[in-house]
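Architecture and fold: a report
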Amino acid sequence: MGDTATTHHTKSANNGANDNQIGFKSRVSVIGSGSWGSVAAKLVAFNTLNLSSFHDEVKMWVFEETLQSGEKLTDAINRTNENVKYLPGIKLGKNVIADPDLDNAVEDANMLVFVTPHQFIDNICKSLVGKVRSDAEAISLIKGMEVKIEGPCLISTYISEQLGINCSVLMGANLANEVQDVEGVELCGTLKNVVAIAAGFVDGLDMGNNTKAAIIRFGLREMREFCKLLFSSVKDDTFFESCGVADVITTCFGGRNRKVAEAFARNGGKRSFDELEAEMLQGQKLQGVTTVREVYEVLRHRGLLELFPLFATVHEICSGCLPPSAIVIYSEKKNIFPV
Ligand SMILES: NC(=O)C1=CN([C@@H]2O[C@H](COP(=O)(O)OP(=O)(O)OC[C@H]3O[C@@H](n4cnc5c(N)ncnc54)[C@H](O)[C@@H]3O)[C@@H](O)[C@H]2O)C=CC1
Ligand SMILES: O=C(CO)COP(=O)(O)O
């Protein structure tokens, strides 16, 4: 699994009052219970059972919904010890307790793991203001962010500023101590979804592996240029870490953005991403389509669309201005692919 941890956004020295007490035990809550949130809860819960400095119990906040059977998702998770909707067939560990009440789920936790689709973090943080311990530490596993014209807002920054606590990020790369590039890591996790959509178009058009490899290569190049445009501090090395090239490859072959983009292309762009998402993902969320639009707006605002032909074309296809096959026309016009 991805494994880059980078400490970031130190708001204040942890008051540590409780932590320093002999016998103090940390308490972890996981905020989010989709497929990745459930994996995170399972892994955390395995570790808390094996570490005497942690309470065994791990609360996992569930955005409540009613299953087709009529049962609440939370009840089903606590009854079966599985997230029957988002991670069926995998036991989470008896010490994972699903909780639909956000305030209750974070109460007393001094370690908060944020792992929801990025589009929901705004509301979640707003409702958590004043509810988390002042000495809590957060970590974000969230790939994705709002890329606004006035500047990108890293999710870790947002969490940190809203809640007044430190927030680290964990995604991708293997060697935590070799990557201290929070902006690069989070932007990679955001922009790889744009490349995955392009890869999905190529799959949907049966264009073959050479073209897909070219998409990945050009996608990585545009990712790097875009990151540096927003943060000059971003390091080239980051793109060779797991959060860079490896995550792009994973997402372009196995991810949801790719999968839905493939269906979009096979349908000639006649069925919307929203419709396909609802039909194909059983409640899971796509993050790439909004990112595509936001990236395009930033580039348009800065007059840089010409320099990012892949990102620009993906947006024009997603928004219906060009047919999916335009990815081919674009490639021929720009003469960038080995055809
Ligand atoms: N699934 C994966 O393989 C990986 C995902 N991630 C990241 O983890 C984060 C979480 O993604 P997943 O666990 O895959 O989610 P998911 O797509 O599997 O599930 C969607 C989740 O959103 C919740 N939700 C729906 N409407 C909501 C609302 N209005 N407010 C709050 N929550 C709502 C659903 O209940 C569900 O828990 C994302 O940022 C993703 O990029 C990171 C690495 C791998
Ligand atoms: O981040 C992911 C793999 O590392 C998941 O990508 P998707 O959101 O496209 O499924």
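Everything quoted here is computed from the prediction, not taken from an experiment. (Residues numbered from 1 in each chain as written. Chains lettered and ligands numbered in written order. Predicted model: local features only at pLDDT ≥ 70, side-chain atom pairs only at ≥ 80, totals over all residues.)

1. As for the site of ligand 1
Filter applied, for reference: Throughout this description, a residue near a molecule or strand is one whose C-beta atom, derived from the backbone, lies within 6 Å of it. Note that Gly is not counted as nonpolar here; it falls among the polar residues with everything else outside the nonpolar set of Ala, Val, Leu, Ile, Met, Phe, Trp, Tyr, Cys and Pro and the charged set of Asp, Glu, Lys and Arg. Annotation comment: domain bounds sourced from an automatic or database domain assignment.
Residues in contact with ligand 1 amount to 22 residues; listed here are only the nearest, Gly-34, Trp-36, Phe-63, Lys-143 and Gln-284. Residue composition of the shell around ligand 1, by class: eight nonpolar, 12 polar and two charged. Per-domain counts for the shell around ligand 1 show at least three residues from each of domain 1 (5–178) and domain 2 (182–334).

2. Side note on the site of ligand 2
Basically, it comes down to this: Elements are defined by DSSP. Helices are runs of H or I of four residues or more, strands are runs of E of two residues or more, and each kind is numbered from the N terminus.
Around ligand 2, the surrounding shell consists of Lys-143, Asn-193, Ala-196, Asp-247, Thr-250, Thr-251, Gly-255, Arg-256, Asn-257 and Gln-287. For the shell around ligand 2, the elements supplying multiple residues, two or more each, are α6 (182–204), α8 (242–254) and α9 (256–266). Of all the elements, α8 adds the most residues to the shell around ligand 2, at three residues. Of the residues in the shell around ligand 2, the class split is one nonpolar, six polar and three charged.

3. As for the UniProt feature "domain: Glycerol-3-phosphate dehydrogenase NAD-dependent C-terminal" (unreviewed entry) in the chain
Convention followed: UniProt positions are given in the numbering used here, feature names are shortened, and annotations may be inferred rather than shown by experiment.
UniProt records the feature "domain: Glycerol-3-phosphate dehydrogenase NAD-dependent C-terminal" (unreviewed entry) for residues 181–328 in the present numbering. Counted over residues 181–328, helix gives 70% and strand 0%. Its end C-alpha atoms are 34 Å apart.

4. Some words on the UniProt feature "active site" (unreviewed entry) in the chain
The test is simple: For the exposure call, what matters is how many other C-beta atoms sit within 10 Å of a residue's own: 20 or more marks it buried, 12 or fewer exposed, and in between partly exposed, using C-beta atoms placed from the backbone. Contact between two residues is assigned when their C-beta atoms, built from the backbone, lie within 7 Å.
Under the present numbering, the feature "active site" (unreviewed entry) in UniProt falls on Lys-192. Overall, the presence of 33 C-beta atoms within 10 Å leaves Lys-192 in the buried class. Aside from chain neighbours lying at most four places away, what touches Lys-192 is Asp-247, Val-248 and Thr-251.

5. Points about the domain arrangement of the chain
How big an interface is tends to be stated in terms of the accessible area lost upon association of its parts. Segmenting the chain into domains produces domain 1 (5–178) and domain 2 (182–334). The C-alpha-based centres of domain 1 and domain 2 are spaced at 28 Å. Counting residues at the interface gives 25 residues for domain 1, matched by 26 residues for domain 2. Breaking the side of domain 1 that touches domain 2 down by element, the ones donating at least two residues are β9 (146–148) and α5 (155–163). Per element, the largest residue contribution to the side of domain 1 that touches domain 2 is three residues, and it comes from β9. Residue composition of the side of domain 1 that touches domain 2, by class: 11 nonpolar, 10 polar and four charged.

6. Notes on the environment of Glu-107
As for its position among the elements, Glu-107 is in the loop between α3 (102–106) and β7 (111–114). With 15 C-beta atoms counted inside 10 Å, the residue Glu-107 sits in the partly exposed group. Considering only alpha carbons, one finds Glu-107 and Val-132, 25 residues apart in sequence, at a separation of 6.6 Å.

7. Focus on the nonpolar core
The nonpolar side chains of a soluble globular protein tend to be buried, and buried together. For clarity, the cut-off: Nonpolar cores are identified as sets of buried Ala, Val, Leu, Ile, Met, Phe, Trp, Tyr and Cys residues joined via C-beta atoms within 7 Å.
If you look at the biggest cluster of nonpolar residues, it comprises 90 residues, and the most contacted ones within it are Val-30, Val-113, Phe-114, Leu-141, Val-195 and Ala-198. Broken down by element, the residue count for this core peaks at 13 residues, all from α6. Both of domain 1 (5–178) and domain 2 (182–334) provide at least three residues apiece to this core. Excluding residues that lie within four positions of it along the chain, Val-113 makes contacts with Val-28, Val-30, Ile-31, Ala-40, Val-44, Ile-139 and Leu-141.

8. Some remarks on the pairing of strand β5 (residues 87–91)
Quick reminder of the rule: We call two strands paired when DSSP finds no fewer than two bridges between them.
For strand β4 (residues 82–83) and β5, the ladder comprises two bridges, and the chain directions are antiparallel. Paired with Asn-83 across the strands is Leu-87, a residue of β5. Between β4 and β5, which pair antiparallel in sequence order, lie three residues.

9. Here we look at the confidence of the model for the chain
This is how it is decided: The quantity known as pLDDT measures the predictor's confidence residue by residue, on a range of 0 to 100.
Model confidence for the chain is summarised by a mean pLDDT of 88, while 88% of its residues fall at 70 or above. Here residues 1–18 is modelled with pLDDT under 50, and outside its nearest four sequence neighbours on either side it reaches 53 contacts, counting other chains as well. For residues 173–179, every residue scores under 50 in pLDDT, and the model assigns this stretch 17 contacts once sequence neighbours within four places are set aside. At the level of chain-chain contacts, confidence expressed as ipTM amounts to 0.97, with global pTM at 0.84.

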